[in-house]
Amino acid sequence: MVNVQTGSSSEDSAMSQQEGETTPSNGEGRRSSQTDISSEGETINFDKKTSHPDVIVKTLLTRDRETKRIITTQVQLEKTSLNGSRRTANSARNQPNFGSSVQHSQQYSPGAHHSSRGGSPQSPGSVMLAPSLPGTPTQHAGTPPQSQQSHVVHVHVNPGETFSIPYGDQIHTIQGPATVQMVSNTAGPPMPIPMHVPPGHMVQQIVDENGTLRHVILSPQMALHGVAPLPNTAQAPPFGGPLPTGAAPPQFYPQYPAHPNRHFHSGGAPQYPGPPTAAHMHPSIGQMHGPHHQCNTHQGPSPPPSGPPSVHLQDERAQKVHQRLKHKVYQRQRENYSNTQNSPRKDNGREPRFKERNSASVEYQEDSNSPGEEEDARILMELLSKIQPVKVAEISARSALIRWSHPEDSNEKFQEFEIDPLTDYKYKLFLSDRGKEAKSRLVYSGDAVEYLLKDLKPATEYWICISALLDDFKGDRSEAISFVTNACEPETPLVPKFVNRTKTSIAVKWNAVVDNGSKVLGYSLECDDGKCEDNFTEVYSDLGRQFKVTKLQASTCYRFRLAAFNEIGKSDFSESVCYSTSGSAPSQPDQLCLKDAFITKLVLGWTKRPSDDDFTLQMEDDISGHGFLPVYNGKDTVYAVGGLRRNTKYTFRMCAINEEGQSKWSENVVFSTLSDKPGAPSKPILKGRIHSNSFRVSWDAPKDNGGAEISQYVLEMDDGRGFEVIYTGMDMEFQCDHLEAGHTYKVRTLCTSAGGHSEYSEVTSITTLAVLPASCQPPKLQGKPKATSLHLKWSSPSYTGGAPITEYEVCMTMPDNTTRHVYRGYDTDSLVAGLLPGRVYLFQVRAYNKAGAGQWSDPLEAVSGAGPPDRCKEVHVQVKSAHSQLVSWEEPVNNGATITEFRLEWLNQRESPEFIQLYVGPALNYEVKGLTPAAQYSYRVQAINSAGPGPFSAATSSTTPPSSPGVISSSSIKYSVTATAVTLSWRAPSANGADITSYNVDCNGNLISVFDTDLLEYCVDSLTPETVYRVRVQAVNSVGVGPFSSPLKIQTRSLPPLPPRIECAGIGFNSLKLKWGDSKNVDFMQYTLEMAGKNGSFAPIYNGTSQTFKVNKLSEQTLYSFRLFAANDAGNGPYSEEYTFCTSKAPPPTLKAPKVWDILENSCKVEWSSTKQMGDDLILYQLQLHSSLENEFRTVYRGSEISYALEGLEQKSEYRVRVGTVRVCSDGSGELCGAYSPGSAFTCKSHELVSRSVKTCAALQASTERKPLTDQQWAVIILLCFILLGILIAFIVQQLLSYSRHVATG
């Protein structure tokens, strides 16, 4: 929904007025443009209006509930001119907006439309974008608040600025000058909105007396006018943060430099070259009066001020005094504000006119007051209030020159501020034209000491006063003085008004004019001569305001103008006005003429005479029968009568009319409309059959002849070169002949009548019949013929028969006079294959079109090229022996080239799976030697000539006869040797076609036959140890005996050694040390020691050349059995007999050092850890003590307890104690004493220290006394440590793998 409208609020007048001030009355009002923008249930409305009250800025710190951030909000306390009360503002929660859009914490809906007073200059209209919200109440901005009323907030955008508002996914921008109206439908009123603004800009928020937000002014941040920035003043924080302590508050001035296309949502702050002029002011802000104070200003970083500062604070003391004065003034304003709220209202809510108004826009800071601040503020305000009244000079009727002087005071303390009167003081000039007590309006604000008032009213009394400003301090207004402008000539009169007229006179009257301070003496009325020239003549000069001008001509227009005069002079003449005298009715007009004629329209014309004012044109249509009917009334002399029928006659007449009556009708005239062009004939159609060179077409007459008879028909034909006329006449058919066969023709027709030529009919395409194509030229050879193929090429026939060639056909006549078709297709060349080498062939070609096949061409005789020889017949194989064969073959057909050689190949499946070349040469046979008996061989042969090799003949197979076995390879004979036997094994040799029946083994001349041919192994026994034998083997089959293998020399081994005796060299409680042999092993024999297990089976525990071995990890007092055998190169010797040995008992373990505690002057307690029980034996503990006076330890305790109290010790003596274990064997074998533990040293205390440490020792004993950890507990602790270590390592590995995968993928 988009509505474009303008309007203003009735609140304009109230918001633009202030105490004792009025806006300048320049005769121009303001037009407000309203824009409503709604986005997802939230509507922001904009309306342009102005308001600029005096305000007080207060900085509050609030905490946002959502973001938990400290937000700075400046609240406005302002005074209104409607009820004289101060307005207070409440701070609202900050909703950050990082664009430039304004967001309110309440829900918005479309606002009401308002109107403004008076006219307004053209201002850009605003577009209101708002959703249709049913049930949303609209309310005037001036309506009193109700339970569900809408609250209006106006956002003012300065000229050259752009205000952007997000709307869904789009951003709407509003170009300044404009005012944005926001309307809230919620019950609560809108509050001041802390918001984010772009750098270099500020937002001023204005509230009413109820604390409701009314106006938000967006403007660029200006430098302080007239005050130099303090050295310690920092830039204002962005997004509405609080100003630094001691910084001067920023001031808003409506003048600013023209900066086109400056957007509030831009990231950077614009640079301002210098102070702006009033020409760039916002329309609504430009009419504000009084000082422009900061109202809840949120600003970004501002640019540095341009130009040198007007006031320089000389030293640090002056800066402190300056800040102290501003703070003191603000404190006094707070007190005045409280008094004003509590005091009763006077004069019906209005404050006295020209009342003292001290207000400033300063930043409130909770600083402690210094003792001199009150006095400094009083002196400064007193000085500003002592300004002298203005002086009025050079008074004229519409202007006056006003001069004034600077405030002066001889107070020495004021001299400390070092103020320059020429640049530091600012002045505001107020003017009133309704009396001394009436409201005044601001007419000037600046630092000049004189001002020229313009646009004053003549002979009017004015009251004028002035007030002085210094920085943020404003003094009281001076005493108002009056002056009266001079009188002048009267105002320009309005145009004279018409009263009545006759044929010779005209009566006019006029209104009185403003005399401008001097009584009007008369009016001067002038009239021209009726010829529309500027020859005015005065016809009346007197005080009367009505006059009748006589002696005029009938039916003539006269112009009049009026002026007034007094003692001072004569006013300007009014604008001229034209009135005419009356006359007689017109005479009969001349006959109508026809300007132009059309099919449905006639253009008529006539002549206008001086007495003719209006004309009436009538038309009669004979077909309708209604007679003359008016078709035109007016002042024109030409009229086009439309909506007529074609080729139809109409009758017209006309009369003239003026104020005196109507003339006679002119003579009747008859005009006819034109005929229309006929419609297009029907599409030509084929009549009869189509021939190869002719066809007949016909067509029908058009359905609409255009109102006239058809005069002729025109037939056009297109043969590809464009349409040409081939027939003209009245017949509606035509025979088209002398055409080309198989060609497509297009025909169309049109008709002609009195109305012109018709449109062409639709085009008909007709193709004549095609004929057979002509004979082709004989084909030609393309390239050199090959042995089995040749390439033919031919051209298209000279005549295609009127249809495109669809295909060609090639016929071949072979040497045996048989024919076959070798090609059929669209190409004009073909490769003919499948020929025999060196043969003569005939070739013919013909063409096809859609009519059929043409004649065969003349034949082409071609001879195929030479080719490789034909395939040879199968070879003949003659077996000569088991190792040789004779292969022979016959010569094949050479195919046009002499055979130069033959290539013979053979195949032996045992050696290669493919044929291998055996012979190349011109011979027709070849003897193959070195063949394998009982082997199958395959042979094939091919012939070769200059054209290449021919194909191979079919393979012929032949098998050689069997033979005696082959020789056994000596490398395949394996053997193993003992002292008395040799075991042989071999690989079977080639049987050569007959199975092997036996083997012969020759051992030193002794031939041994072996008939087990599958085993291929034989053991020759009963041999002499350490003897050399010559051994060889041969195979035997049905054909005969094969050759012997190469002889092998084999030497038998010596006999294996006997086992030695085992002896026990040492016995322990968990080990046995065994010994065997004579402690010398010259032959490096290997000994294998075996021990019997619990199940009685022996297992080796040692294998080596050593003759001793210690068996560990045995149990105490246990029997163990052992046996031994020796081995050398002859083999393993026999086992020895079994030997049994027993281990001894184990001594008790060594304890840890005992603990000594509760040490007194002559006693202490000793405690030690217990040991594990060892079977049924008793464990005793033996405690020994050693003093510094003794040379060795002495036993002080022997028993089974693990603690003992030592007594009888000497004071301050050093002692060492140790403990040992004693195992008392239950079998009566005696006692086994273990090693003593490490000693623990201690010193007995003196008597003085014992009493002080008794309590401490008792407490320590209670806290430190604990039992030692058992082995199971230590095992659990170690297990937990390993688990934690494993988890840590797994975690580190997982992190490394994740990092490596991340690096690989990144």
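Above this text you will find the structure in question.
Since this is a predicted model, take the numbers as computed values, not measurements. (Residues numbered from 1 in each chain as written. Predicted model: local features only at pLDDT ≥ 70, side-chain atom pairs only at ≥ 80, totals over all residues. Heavy atoms only, no water.)

A. Region of interest: the nonpolar core. Among the nonpolar cores identified, the biggest contains 24 residues, and Ile-402, Trp-404, Leu-429, Leu-431, Leu-453, Ile-464 and Phe-483 are the most heavily contacted of them. Broken down by secondary-structure element, the contributors of at least two residues to this core are helix 4 (373–385), strand 17 (400–403), strand 18 (425–432), strand 19 (441–446) and strand 21 (461–470). Excluding residues within four positions of it along the chain, Leu-429 makes contact with Val-390, Ile-402, Trp-404, Arg-441, Leu-442, Val-443, Tyr-444, Tyr-451, Ile-464, Cys-465 and Ile-466. Counting residues in each nonpolar core, the second largest holds 20 residues, with Tyr-999, Cys-1003, Val-1020 and Ala-1035 among its members. (Core = buried A, V, L, I, M, F, W, Y, C linked by side-chain atoms within 4.5 Å. Buried < 20%, exposed > 50% of the residue type's maximum accessible area, 1.4 Å probe, protein only. Helix = DSSP H or I, 4+ residues; strand = E, 2+ residues; numbered from the N terminus. Contact = heavy atoms within 4.5 Å.)

B. Local environment of the sheet that holds strand 67 (residues 1017–1020). If you walk across this open sheet you meet the three strands as 63-64-67, and the pairing is antiparallel. The strands lining the two open edges of the sheet, one partner per strand, are strand 63 (974–977) and strand 67. Neighbouring strand axes in the sheet, compared pairwise and without regard to direction, differ in orientation by 15 degrees on average. Two strands pair when backbone bridges link them, and strand 63 and strand 64 (residues 982–985) are joined in this way by four bridges, in the antiparallel orientation. Within the sheet, the bridge partner assigned to Ser-976 lies in strand 64 and is Thr-983. (Pairing = 2+ DSSP bridges. Axes fitted to C-alpha atoms, helices over the stretch in contact; angles between N-to-C directions.)

C. Examining the packing of aromatic side chains more closely. For the structure on display, the rule yields 34 aromatic pairs. Taking 5.8 Å as the distance between ring centres and 55 degrees as the angle between the ring planes, the aromatic pair formed by Trp-510 and Tyr-540 counts as tilted. Linking Trp-510 in the loop between strand 25 (506–509) and strand 26 (520–527) with Tyr-540 in strand 27 (residues 537–542), this pair joins segments that are 30 residues apart in sequence. We classify Trp-510 as buried; its relative accessible area is 4%. Exposure remark for Tyr-540: the relative accessible area of 13% places this residue in the buried category. Aromatic pair Tyr-1102 and Phe-1109: ring centres 5.1 Å apart, planes at 25 degrees, arrangement stacked. Look at Tyr-1102 and you get buried, because its relative accessible area is 16%. (Phe/Tyr/Trp six-rings, centres within 6.5 Å; stacked < 30°, edge-to-face > 60°.)

D. Looking closely at the environment of Arg-477. Tracing the sequence through the fold places Arg-477 in the loop between strand 22 (473–474) and strand 23 (481–484). Look at Arg-477 and you get buried, because its relative accessible area is 12%. Taking the C-alpha atoms as reference points, Arg-477 and Ile-387, separated by 90 residues in sequence, lie 7.9 Å from one another. Of note is the side chain of Arg-477, whose polar atom sits 3.4 Å from the side chain of Ser-440. (Polar contact = N/O pair within 3.5 Å; in protein donor to acceptor, adjacent residues only side chain to side chain.)

E. Expanded view of the pattern of salt bridges. Following the criterion strictly, the structure yields 33 salt bridges and no others. Linking Asp-676 and Arg-646 is a salt bridge whose minimum nitrogen-to-oxygen distance equals 3.7 Å. Here the residue Asp-676 occupies a position in the loop between strand 38 (669–672) and strand 39 (685–687), and Arg-646 occupies one in the loop between strand 35 (638–641) and strand 36 (649–658), the gap between them amounting to 30 residues. Here Asp-676 falls in the partly exposed class, since its relative accessible area comes to 23%. For Lys-687, the salt bridge goes to Glu-733, with nearest N and O atoms at 2.4 Å. With a gap of 46 residues between them, Lys-687 in strand 39 and Glu-733 in strand 43 (residues 733–736) connect regions that are remote in the sequence. It is possible to trace a salt-bridge network through shared partners that takes in Glu-1116, Lys-1145, Asp-1177, Arg-1223 and Asp-1227. (Salt bridge = Lys/Arg side-chain N within 4 Å of Asp/Glu carboxyl O.)

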